[in-house]
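# Descriptive analysis of the structure
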Amino acid sequence: MQRRRSCRQFEPDPVPEDAMAYILGCARRFQQRCAFTAPRIIAVPRGPDFERVTHAATRGLVHLINPWLTSTHASHLLLCTTIQPKDEAGISKSVEQAAMCMQVAVLAATELGYGTCWMAGLNYRRVERAYPLQDGARLIAMSPLGRRAANSDGSDAVTLSFIAHDRRPLPELQMREVWR
Amino acid sequence: MSIGGLIDTLVEGLTPPNQPSGRRRPVTDDQITAVLEAARIAPSARNMQTWRFVVVQEAERRTRIAGTVPTPLSETVAGASAVVLVCGVPAGATRTRPSQPYAMIDVPICLSHLFLRATELGLPYAWTIDVAQAPCMQELGIPPDVRVIAVVSLG
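All of these numbers come straight from a predicted model, not from anything done at the bench.

Taken as a whole, this structure holds 4 aromatic pairs over all chains when the rule is applied. Centroid distance Phe-30 of chain A to Phe-36 of chain A: 6.2 Å. Interplanar angle 75°. Geometry classified as edge-to-face. Look at Phe-30 of chain A and you get buried, because its relative accessible area is 1%. On the accessibility criterion, Phe-36 of chain A (8% relative accessible area) is buried. The structure contains a cluster of three or more aromatic residues connected by ring pairs, namely Phe-30 and Phe-36 of chain A together with Phe-115, Tyr-125 and Trp-127 of chain B. When the ring centre of Phe-50 of chain A is taken as origin, the NZ or CZ atom of Arg-46 of chain A, which lies over that ring, is 4.5 Å away.

Put into structure tokens, the structure is as follows:
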């Protein structure tokens, strides 16, 4: 958890199959342990589907948020998707469960030394059209996955300009007994 | 311990029936801080850190919080050493799509950190995202624009 940092620059070499199996297996076992039925974490390797998704995700104004994605050398895209029920409470739960499973995959990738970057500023409709998800699943977020670029901290100056850098100290986040 | 190893031991923490009262033990302030620190360092959209934690240890208040979660967990919450309400607050650009505010993604991410750290520390815990919002918010004086995402019992 301490080692994870968002990474936006990758080397082009592929993540080996056994590493992918570990990353996805961790997410799947977490899902099973929690008895979550809705989430689907999908790995899209480099190729035509990868290109379709990255270009669809950044169509329109949302391109300004993640301009680097269409030229990424990442090995895979991890798609965080979920089967959503019709009711509002059910939708919330399905999104929350999917986010937890995705983060387990992200942490497993970090453990193996790979870079990831949560992305939720996407053109969802375009992606779901370009890469139809099975069982009517909805896209929640995505992350590139790959080996961090050498001689780089993996960051991207344009994107970082949108981001606050400081972490709030715990006393600012934690309350005792009641909300204050 | 590896992430895979942590997940293999998660089940003991996740299911209230696996937490008989004999396994309960008090958690220290240091242990509470340790799990919340793990949650604190989770990633969030634009680093907005939309999570807040309310730690409840008073017995009567815990009992009232227990009434806001489903039956299998309510006994565990009432008897826990500490209960953490993990809340999501609104932030600048508040949602990724109409039904998907940032907090709905970011707070569960921090929850997964909290669980993995509690597992690593060997703390008994149980949790739910099935929370009756109104009575829970009223009990703790939580503002109307905040949402209680999860209730986690520790110890």
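Sheets are built from strands that pair by backbone hydrogen bonding, the pairs being arranged parallel or antiparallel. The strand order across the open sheet built from 5 strands is E5(A)-E1(B)-E2(B)-E6(B)-E5(B), with neighbouring strands paired in mixed fashion. Each edge of the open sheet carries a strand with a single partner, namely strand E5 (174-176) of chain A together with strand E5 (125-128) of chain B. Across the sheet, the mean angle from the axis of one strand to that of its neighbour is 20°, orientation sign disregarded. Direction of pairing for strand E2 (residues 82-88) of chain B relative to strand E6 (residues 147-154) of chain B: antiparallel, over a ladder of 7 bridges. Looking at the pairing, Val-86 of chain B lines up with Ala-150 of chain B of E6 of chain B. Along the sheet face, helix H6 (residues 133-140) of chain B touches strand E1 (51-56), E2 and E6 of chain B and points at about 75° away from the line of E6 of chain B.

In this section: the nonpolar core. With 94 residues, the main nonpolar core has Met-142 of chain A together with Phe-53 and Val-86 of chain B as its most contacted residues. When residues of this core are assigned to their parent elements, the largest contribution, 13 residues, is made by helix H3 (residues 88-111) of chain A. Val-56, Val-69, Ala-80 and Val-151 of chain B belong to the second-largest nonpolar core, a separate cluster that totals 23 residues.

All names here are of chain B. Between helix H3 (residues 59-66) and helix H4 (residues 71-79), the shortest axis-to-axis distance is 8 Å and the interhelical angle comes to 170°. One finds that H3 runs roughly antiparallel with respect to H4. Every residue of H4 that contacts H3 at Arg-62, Thr-63, Ile-65 and Ala-66 is listed here: Ser-74, Val-77 and Ala-78. Tallied by class, the residues present in the contact of H3 with H4 amount to 4 nonpolar, 2 polar and 1 charged.

Another point: the interface of chain A and chain B. The interface of chain A with chain B comprises 47 residues on the first partner and 58 residues on the second. For the pair chain A and chain B, the two sides together bury roughly 4,800 Å², of which 61% comes from carbon and sulfur. Summed over the three residues of chain A that lose the most area to chain B, namely Met-1, Glu-177 and Trp-179 of chain A, the buried surface amounts to 18% of that side. The tally of links between chain A and chain B comes to 6 salt bridges. The partner of Glu-177 of chain A in a salt bridge is Arg-61 of chain B, with the nearest N and O atoms 3.5 Å apart. At the junction of chain A and chain B, the tally comes to 25 residue pairs in polar contact (both at pLDDT 80 or more).

This prediction gives chain A a mean pLDDT of 88; 90% of its residues lie at or above 70. Looking at the elements of chain A, mean pLDDT is at its lowest for helix H5 (residues 157-160) of chain A, recorded as 55, and at its highest for E5 of chain A, recorded as 97.

Quick look at the pattern of salt bridges now. Across all of its chains, the model carries 16 salt bridges over all chains by this definition. Across the salt bridge formed by Glu-51 of chain A and Arg-46 of chain A, the nearest N and O atoms sit 3.3 Å from each other. Overall, the relative accessible area of 30% leaves Glu-51 of chain A in the partly exposed class. On the accessibility criterion, Arg-46 of chain A (37% relative accessible area) is partly exposed. Residues Arg-117 of chain B and Glu-120 of chain B are paired through a salt bridge, measuring 2.9 Å at the closest nitrogen-oxygen approach. Highlighted residues: Arg-117 of chain B and Glu-120 of chain B, both in helix H5 (residues 102-121), separated by 3 residues, approximately one helical turn. In this structure Arg-117 of chain B comes out as partly exposed when scored by relative accessible area, which is 25%. Taking the relative accessible area as the measure of exposure, Glu-120 of chain B reaches 37% and is therefore partly exposed. Taken together, the salt bridges that share partners define one network made up of Glu-177 of chain A together with Glu-58, Arg-61, Arg-64 and Glu-139 of chain B.

About the thresholds
Residues numbered from 1 in each chain as written. Chains lettered and ligands numbered in written order. Predicted model: local features only at pLDDT ≥ 70, side-chain atom pairs only at ≥ 80, totals over all residues. Heavy atoms only, no water. Phe/Tyr/Trp six-rings, centres within 6.5 Å; stacked < 30°, edge-to-face > 60°. Buried < 20%, exposed > 50% of the residue type's maximum accessible area, 1.4 Å probe, protein only. Lys NZ or Arg CZ within 6 Å of the ring centre and 35° of its normal. Pairing = 2+ DSSP bridges. Helix = DSSP H or I, 4+ residues; strand = E, 2+ residues; numbered from the N terminus. Axes fitted to C-alpha atoms, helices over the stretch in contact; angles between N-to-C directions. Contact = heavy atoms within 4.5 Å. Core = buried A, V, L, I, M, F, W, Y, C linked by side-chain atoms within 4.5 Å. Parallel < 35°, antiparallel > 145°, perpendicular 65-115°, else oblique. Nonpolar A, V, L, I, M, F, W, Y, C, P; charged D, E, K, R; others polar. Buried area = accessible area lost by both parts, 1.4 Å probe. Salt bridge = Lys/Arg side-chain N within 4 Å of Asp/Glu carboxyl O. Polar contact = N/O pair within 3.5 Å; in protein donor to acceptor, adjacent residues only side chain to side chain. pLDDT = per-residue confidence, 0-100.

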